[in-house]
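# Structure at a glance
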Amino acid sequence: MIKQKGMKVGAVSLWLLLLLAERPMYGYEIIKELEKKFSGYWKPKTGTIYPALEKLEKSKSVTSKVEFMDKAPDRKHYAITEKGQNELAESMIHWSKMAEIIENHWETHQAVFRHKSEIAKDDLAKVFTNIAKSLQSTSSFEMNKIIPSAKKFSVKNPTEPLEFKFLYAKEKSKEGHDKFEIHLELEWNAKSSKRDID
């Protein structure tokens with residue numbers, strides 16, 4: 001179980017404490033509630049949930065009480081303790097910070113576009129010609145004019161100086177053949193400044 005620095009509990013234990021903060025539950029009920037909350041995308045196994053409950057009980061974050069049944073298996077009910085409530089509150093602060101970081105990263109990632117496709121040498125030559133024309137132009141950098149099949153978006157015309165990166169490499173493919181790669185990257189100071197050309 002992965003724990004971030006400063007966090008009291010990991011992901012599974014956090015969900016268990018969240019559920020038990022609503023009301024006491026027995027093991028099978030907890031599993032069903034988790035399935036419902038995750039809409040079936042996560043189907044927790046008994047081999048994951050019960051050891052996590054035992055660990056929380058051992059650390060006194062939850063307490064348990066056995067309900068003896070006449071004509072059915074006995075049920076062990078779990079309830080969150082005051083210590084568990086405190087751990088939950090502290091952990092939620094850290095998880096909220098992590099969620100904010102992920103959201104910010106996602107927004108940044110949404111501004112990055114990649115294009116990859118098979119192309120003939122003649123068509124590739126046209127792509128490089130189109131790049132050269134775009135660099136000489138005073139208008140915006142229209143990507144769909146450089147690569148017609150690329151997603152339509154534009155960036156501000158490059159300002160000088162540009163940073164130019166050129167990577168070339170040779171490696172063996174799974175079939176044992178030589179595989180060659182060339183990557184070009186242009187970078188300049190403008191809004192939406194970085195675009196990769198693979």
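This text gives an overview of the structure that appears in the document. (Residues numbered from 1 in each chain as written. Predicted model: local features only at pLDDT ≥ 70, side-chain atom pairs only at ≥ 80, totals over all residues. Heavy atoms only, no water.)

## Re the packing of helix H2 (residues 27-37) against helix H3 (residues 46-58)
- Running from N to C, H2 and H3 cross one another at 120°; their axes reach a closest spacing of 11 Å. In this view, H2 runs oblique relative to H3, as classed from their interaxial angle. Considering how the two elements wind past one another, H2 and H3 form a crossing that is right-handed. Counting all contacts with H2, which are made through Gly27, Tyr28, Ile30, Ile31 and Leu34, the residues of H3 involved are Thr46, Ile49, Tyr50 and Leu53.
- For the contact of H2 with H3, the residue count by class is seven nonpolar, two polar and no charged. (Axes fitted to C-alpha atoms, helices over the stretch in contact; angles between N-to-C directions. Helix = DSSP H or I, 4+ residues; strand = E, 2+ residues; numbered from the N terminus. Parallel < 35°, antiparallel > 145°, perpendicular 65-115°, else oblique. Left-handed = near helix turned anticlockwise from the far one by under 90°. Contact = heavy atoms within 4.5 Å. Nonpolar A, V, L, I, M, F, W, Y, C, P; charged D, E, K, R; others polar.)

## Describing the environment of Ser137
- Tracing the chain through its elements places Ser137 in the loop between helix H5 (121-136) and strand S4 (141-142).
- On the basis of relative accessible area, Ser137 is assigned to the partly exposed category, the value being 26%.
- Considered as a pair, Ser137 and Asn157 are 20 residues apart in the sequence and their alpha carbons are 7.6 Å apart. (Buried < 20%, exposed > 50% of the residue type's maximum accessible area, 1.4 Å probe, protein only.)

## Describing the sheet that holds strand S3 (residues 75-80)
- Read from one edge to the other, the open sheet built from three strands follows the order S1-S3-S2, with strand pairing classed as antiparallel. Where the open sheet ends on each side, the last strands, each with one partner, are strand S1 (25-26) and strand S2 (62-67).
- Examined bridge by bridge, S2 and S3 share six bridges and lie antiparallel to one another. In the sheet register, Ser64 faces S3, and the bridge partner there is Tyr78.
- Against the sheet, helix H1 (residues 11-22) contacts S1, S2 and S3, and its axis sits at roughly 90° relative to S3. (Pairing = 2+ DSSP bridges.)

## Description of the packing of aromatic side chains
- A full pass over the atoms with the stated rule returns four aromatic pairs.
- When the centroid spacing of 6.3 Å and the interplanar angle of 40° are considered together, the rings of Phe164 and Phe166 count as tilted.
- Its relative accessible area of 44% is what places Phe166 among the partly exposed residues.
- When the ring of Phe166 is compared with that of Tyr168, the centres are 5.5 Å apart and the planes differ by 50°; the resulting orientation is tilted.
- Each member of the aromatic cluster is reached from another via a ring pair, and the members are Trp15, Phe38 and Trp42.
- In this structure, Arg75 packs its charged tip against the face of Tyr26, placed 4.2 Å from the ring centre. (Phe/Tyr/Trp six-rings, centres within 6.5 Å; stacked < 30°, edge-to-face > 60°. Lys NZ or Arg CZ within 6 Å of the ring centre and 35° of its normal.)

## Some details on unusual backbone geometry
- Look at Lys60: it is not a glycine, yet its phi comes out positive at around 65°.
- Of note, Lys60 is situated in the loop between H3 and S2.

Everything listed is a geometric property; what it means functionally is a separate question.
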